[in-house]
Amino acid sequence: MIPFFQEKDKHLIYECRRSSNKKIYPICPYCGEKRNISFKISTIYRLHSIGCPKCSDGISYSEKFLLEVFNQMNIQISFHPTVKEIPWSKPHFYDFYDKKRKVIIEVNGIQHYEKVKIFAQSLEEVKRNDKIKKEKAIKNGILKNKYIELDCRYSKKEFLKKSILTNFKFIDIYKIKENEIDWEECHNQAMKSMYIKIYKYKQENPNYTNKDLAKKFNVNKDTVSKAINMIKNVNLKNL
Ligand SMILES: [Zn+2]
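Residues numbered from 1 in each chain as written. Predicted model: local features only at pLDDT ≥ 70, side-chain atom pairs only at ≥ 80, totals over all residues.

Looking at this model, I keep getting lost on unusual backbone geometry. Mind explaining?
Peptide bonds are, in most cases, trans, and in most cases residues other than glycine have a negative phi. That bond from Lys90 to Pro91 is cis: its omega, 0°, falls within 30 degrees of zero. By the secondary structure assignment, Pro91 is in the loop between β3 (78-79) and β4 (96-98). Residues other than glycine seldom take positive phi values, yet His48 does so here, at roughly 55°. With respect to the secondary-structure elements, His48 resides in the loop between α2 (41-47) and α3 (61-72). Located in the positive-phi region is Lys102, a residue other than glycine, with phi close to 55°. (Helix = DSSP H or I, 4+ residues; strand = E, 2+ residues; numbered from the N terminus.)

In structure tokens, the structure reads:
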């Protein structure tokens, strides 16, 4: 958390609580970009992000957390699968697709469970859309017990860990046990920019094609090209 504070605001780390409504102009810990819009301290704690325009990947904490769970399980999964991977999905998009086991996983944030002020759609609209997506998947051959809606309403390690371990569909398919996953590492990876991770890996392994990188990081090729094009213009600080 600390790195999001500019030098002049550092005293606030000790003076303010995590729930503080006090606003600061944060700084990106990865590329040093100073945001010109203010953020509530509580929002930064909640999202673990300031949506840096220069290096943010737009991937949520929960999504990155789950990506790391799959990484540790050595399971190939498509994150944000393309229409090519799920031809019937259009115009909808799903969060994760396990082609081998024909599993779809939706990472449901708070707007799927509670009314959220900043969210454009109402709770009813979100729920209606969830239902349409689920029915569509089932109609197209995804078994009911392989359509997983994961409760990710809070971007917190303990919450997500519990949510995964108590999701009976997830456990039934992936058979993971609590001590088989390094949950702290899931948190660490969720705090990082996927774009920077991909970019750095490419620097260290120049022979990797975009396709190889997509496979390695379980993302689609668009994400890889975005990562490389965006981060090459960024002055990465001590990463
Ligand atoms: Zn940045």
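Anyway, onward from the coordinates.
Would you mind going over the packing of helix α8 (residues 194-204) against helix α10 (residues 221-231) with me for this structure?
To characterise two packed helices, one gives the angle between the axes of the helices and the distance between these axes. The N-to-C vectors of α8 and α10 enclose an angle of 80°; their axes lie 8 Å apart at closest approach. Overall, the two elements α8 and α10 adopt an arrangement that is roughly perpendicular. Of the residues in α10, those touching α8 at Met194, Tyr195, Ile196, Ile198, Tyr199 and Lys202 are Val224, Lys226, Ala227, Ile228, Met230 and Ile231. Partitioning the contact of α8 with α10 into residue classes produces 10 nonpolar, no polar and two charged. (Axes fitted to C-alpha atoms, helices over the stretch in contact; angles between N-to-C directions. Parallel < 35°, antiparallel > 145°, perpendicular 65-115°, else oblique. Contact = placed C-beta atoms within 7 Å. Nonpolar A, V, L, I, M, F, W, Y, C, P; charged D, E, K, R; others polar.)

What should I look at first to understand the nonpolar core in this one?
Generally speaking, nonpolar side chains in soluble globular proteins are found buried as a group. Cys55, Phe65, Phe96, Ile104, Tyr195, Ile198 and Ala227 are the most contacted members of the largest nonpolar core, which has 43 residues in total. Counting only elements with at least two residues in this core, the list comes to α3, β4, β5 (103-108), α5 (157-165), α7 (183-190), α8, α9 (210-217) and α10. Those residues in contact with Ala227 that lie beyond four places of it in its chain are Met194, Tyr195, Ile198 and Tyr199. (Core = buried A, V, L, I, M, F, W, Y, C linked by C-beta atoms within 7 Å. Buried ≥ 20, exposed ≤ 12 C-beta atoms within 10 Å, placed from the backbone.)

Explain the environment of Met73 here, please?
Mapped onto the fold, Met73 is located in the loop between α3 and β3. Taking the C-alpha atoms as reference points, Met73 and Ile41, 32 residues apart in sequence, are found 34 Å from one another. Once residues within four sequence positions are removed from consideration, Met73 is found in contact with Tyr174 and Ile176.

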